[in-house]
Amino acid sequence: GHPVCGPSLGHSVSRSACPRHSRNLRHHTPPNMASAVATCAVPVVRARQIPRPGARKTSRFSQIKPRPRLVPLRAIEAPANLERIRITTPWEDAQITLKEEFGMTEAEISAAGTLTDEDLSGAYETMQLCRDFENECNQAYMAGKIRGFMHLDNGQESIPALLHNAIRKTDLKHSYYRDHCHALACGVDAGAVMAELFGRDGGACRGTGGSMHIYDMDTNFQGGWALVAEQLPYAVGAARSIRLDKHLNTGEAEDRIAIVFVGEGGAQNGRMAECLNAAAKENLPILFLVIDNGRAINTFTKDVAQNQEVFNQGKHYGIPGVLADGQNVQDTLRIGRAAINHVRTKGPAILQVHTFRFNGHSPADPEHERNRKDEKKWARAECDPIKIFETSSDVTRVDVGGCTARAKEEVRKALEFANASPPPPPTLAAFLEYPDLSGAVDYSQREPEMGLAKAAEVTAATVNAETLVALNGRIDALRAMASDAKGISIGDAVNLAILEEMVRDPTVVAHAEDLQAGSSYNIPANTQQAFGTLRAADEIIDEGHFIGKALGEAMNGYRPIVELMNANFGIYGMAELSSAGNTYATTGGQFKMPMTVIGAGGTAPNQSLGAEHSQPFHAYIMGIPGLKICTASKPQEAYGLAKSMIRDNGPGVLLLPVKLMKTKGPLTVDNFLPLHKATLQHVASDESIANGKAVTVLTYLHGTKESEDAIAILKTEGYDVDLIELTCLKPFDKATIETSLKRTHKLAILDESTRSGGVGATMSALVSETLFDELDAPVLRLCMEDAPVPYATEMEKEMVKRASDLVIGVKSMC
């Protein structure tokens, strides 16, 4: 907060004297001060020239004495007990910001500020459409036709009016859970939106998404995202896809932009800083539209946020920002159009729109905030953007009756369509789990979306000829290593797969930390040197951020590869991985998600990495629907699974053994392995089967080598093993396991995850449920105990199972 004006914009009388908040806005003040300030003037200075509260007096900024400008204040009557009152942002004041911060010319400002009759009519009709639509949604919710969570937009209609006016069909839009009106304004059919809320098959997402998840591929409306601020990196990824389209010369229009909506509370999330950094670093065409209604569910934002001037957040990164009064649709249009034009022609920007939300967070919100009911009553009377427009001189330029009638008719038809639409088939959800059904695709035959010939042409046009020669030389060298007697390492095998796919398909892109140096295990080596920073991006240290960017790229025609360096770092990206798994189904099958996440992880015996680097990340993500999760302990499987996963149209995670990444082995190049099959690595002898001394062993990652060491010992004593490497953790490969159990009738699982909630727990349950009749003994689970993995060897041996434990276990079962 500010020592004069407090922690939020426009909440007390004394703010009228605060120069920090007077730039490009005017504050309305309570009635007891109205006469005192109605004709006064106060200095207005640049916000960045004012030191932050608590700054040391020695700061060089404290010595700055900016030249003030005089801007008159205006006031309206408001109850003295309100927590939030209205601000104004007159166009004449905003122009100063647009010139100084955005570098706009007089011609650009004039173009943004000129509102035609058509502009005003479109804005008014859009506001009426949104108001009527939300009112009918509220009635339908109370009638039980809409269920779950629903968030209405009443009072904030100037924002969809801006979208209708200035955002194009080709622009990429990422909204949040309060998305109905954003979708309508961007051209999504009102009937499809209402039917989605009703859970009908005619809905925008066939009833799979609901109120918080509206998507429409035709209008590039890409959500509807329900986790606060999660949409930020997705939109940055969408903006990257625009730049990639330009780079590859595959895009539709050169001045497309991405726009992302976030609340003023969500903008306090750390993702905002990461995304501002990314947008500035690559000069991405993205508008951060901050919808500032001043509250969460039961908390005022000013109570938890030290600074609510989100429009100033970008200054650290060189991104300009501007504030608009969302109750004045004309000023919102002018200021918003100026910001959007900046994004189309120059680079990223922030637009903060100060609004009032007339409804609670959702219909279930009791609205217990202090003085909330008084504020809502006052705001509906004094801060309604529709009423305010209707009292302005511009209303004479609009056919109010005609606009209102057309809006009501559109909503009537939307309700009629939703009520008539049938429910979706019950089997739809299961059908939509994966874009590519298990076993349905021959990945060796899948061509790039643009075709092989066009792909080769684009690669030749975007990669320097000498560089391409050198790259192909590197690929040839790796292929020679694969056929050499010494073999190739797991890291190099995956690197070979990635380089081959990036040369073959220019829509394959890569993200990793330390990428330019090959990360830790050479997985993304040479990608940036060959393809540049757009297609091979070195990332800041936050996996969630660049997993999110990859998700946005995958929704827009690209096949991103994310390398995690260490798989456990993916914990930072659990929300993004969850959404990646959900997106194809939640969008009703509209948006595929061809995203590959690769990381070295697992828990090897005696790896001495301590608890945080020894977590079973693979177990944590097993419960995420829509993910295909594979593992590989050898170069052959690592290469073949990587090639297939990159060409798959859904999200996949490929996990590799962290302590074996430099282990070499044979590799047959140009092999594509199925993503739904386990791999039989060793077959028990007929003699051991006949003598009842054979056991089926399921394992993965480091467990494969431990099992092979155990087999060497067991065979000397007449025992043997059908060793099945779980190269596919999910989906479950019942057939391979069933074939083995029909021979051995005993199952042991050597597991690199915990007893509770681990991979072994899932596999044991699945086998017991579906193959119980094949078992002659209970399943034996050799897994980590439910305690953090310690550093010291003596303790670690008790925690992490290995070959010696498997030897004992097999003998005990026979």
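Caption draft 1: Spotlight on the overall build of the chain. A count of helical and extended segments in the chain gives 28 helices and 25 strands. Burial statistics for the chain: of 814 residues in total, 61% are counted as buried. Within the chain, residue pairs in contact and separated by at least 24 positions form 80% of the contacts whose partners lie at least 6 positions apart. Put simply, the chain shows about 30,100 Å² of open surface, and 52% of that area lies on carbon and sulfur atoms.

Caption draft 2: Molecular detail of helix α8 (residues 231-248). With 18 residues, α8 should cover 26 Å at 1.5 Å per step; its first-to-last C-alpha distance of 25 Å lies within 8% of that length. Buried residues dominate α8, accounting for 15 of its 18 residues. N249 lies just past α8 and shows a positive phi near 60°.

Caption draft 3: Quick peek at the sheet that holds strand β21 (residues 694-699). Strand order in the open sheet formed by five strands is β20-β22-β21-β24-β25, with mixed pairing between adjacent strands. Where the open sheet ends on each side, the last strands, each with one partner, are β20 (679-682) and β25 (780-784). Geometrically, the sheet is characterised by an average inter-axis angle of 25° between neighbouring strands, direction not taken into account. Bridge count for strand β24 (residues 747-754) against β25 is four bridges, and the pairing is parallel. In the strand pairing of β25, I749 is matched with R781.

Caption draft 4: Structural detail: the pattern of salt bridges. Applying the stated criterion across every chain, the model contains 46 salt bridges. Linking E101 and K315 is a salt bridge whose minimum nitrogen-to-oxygen distance equals 3.3 Å. Pair noted here: E101 is in the loop between α2 (91-100) and α3 (106-113) and K315 is in the loop between β9 (286-292) and β10 (321-325), with a separation of 214 residues, a long-range link. Taking relative accessible area as the criterion, E101 reaches 18% and is therefore assigned buried. A residue is classified by how much of its surface remains accessible, and K315, at 30% relative accessible area, is partly exposed. The salt bridge partner of R397 is D117, with a shortest N-O separation of 2.7 Å. Linking R397 in the loop between α12 (385-390) and α13 (400-420) with D117 in helix α4 (residues 117-142), this pair joins segments that are 280 residues apart in sequence. Put simply, R479, E500, E501, K643, R647 and D670 are held in one network by salt bridges that share partners.

Caption draft 5: Examining the packing of α8 against helix α18 (residues 527-535) more closely. The N-to-C vectors of α8 and α18 enclose an angle of 130°; their axes lie 10 Å apart at closest approach. The pairing of α8 with α18 is recorded here as oblique in orientation. Between α8 and α18, the residues in contact are R240, R243, L244, H247 and L248 and T533, L534 and R535, respectively.

Caption draft 6: Seen up close, the nonpolar core. Counting 116 residues, the largest nonpolar core has F133, L289 and L351 as the members making the most contacts within it. The leading source of residues in this core is α4, at eight residues. Setting aside residues no more than four positions away along its own chain, L351 makes contact with L162, L287, F288, L289, V290, V322, A324, I335, G336 and A339. Of all hydrophobic cores here, the second largest spans 43 residues; its members include A493, I523, A600 and Y639.

Caption draft 7: Representation of the environment of N464 in the model. The residue N464 is located in the loop between α15 (452-462) and α16 (465-483) in this model. When the C-alpha atoms of N464 and A530 are compared, they prove to be 8.2 Å apart, with 66 residues separating the residues in sequence. Reaching out from N464, the side chain makes a polar contact with the backbone nitrogen of E466 at a distance of 2.9 Å.

Parameters at a glance
Residues numbered from 1 in each chain as written. Predicted model: local features only at pLDDT ≥ 70, side-chain atom pairs only at ≥ 80, totals over all residues. Heavy atoms only, no water. Helix = DSSP H or I, 4+ residues; strand = E, 2+ residues; numbered from the N terminus. Buried < 20%, exposed > 50% of the residue type's maximum accessible area, 1.4 Å probe, protein only. Contact = heavy atoms within 4.5 Å. Areas by Shrake-Rupley, 256 points an atom, 1.4 Å probe, with all protein chains shown as cover. Expected span 1.5 Å × (residues − 1). Pairing = 2+ DSSP bridges. Axes fitted to C-alpha atoms, helices over the stretch in contact; angles between N-to-C directions. Salt bridge = Lys/Arg side-chain N within 4 Å of Asp/Glu carboxyl O. Parallel < 35°, antiparallel > 145°, perpendicular 65-115°, else oblique. Core = buried A, V, L, I, M, F, W, Y, C linked by side-chain atoms within 4.5 Å. Polar contact = N/O pair within 3.5 Å; in protein donor to acceptor, adjacent residues only side chain to side chain.

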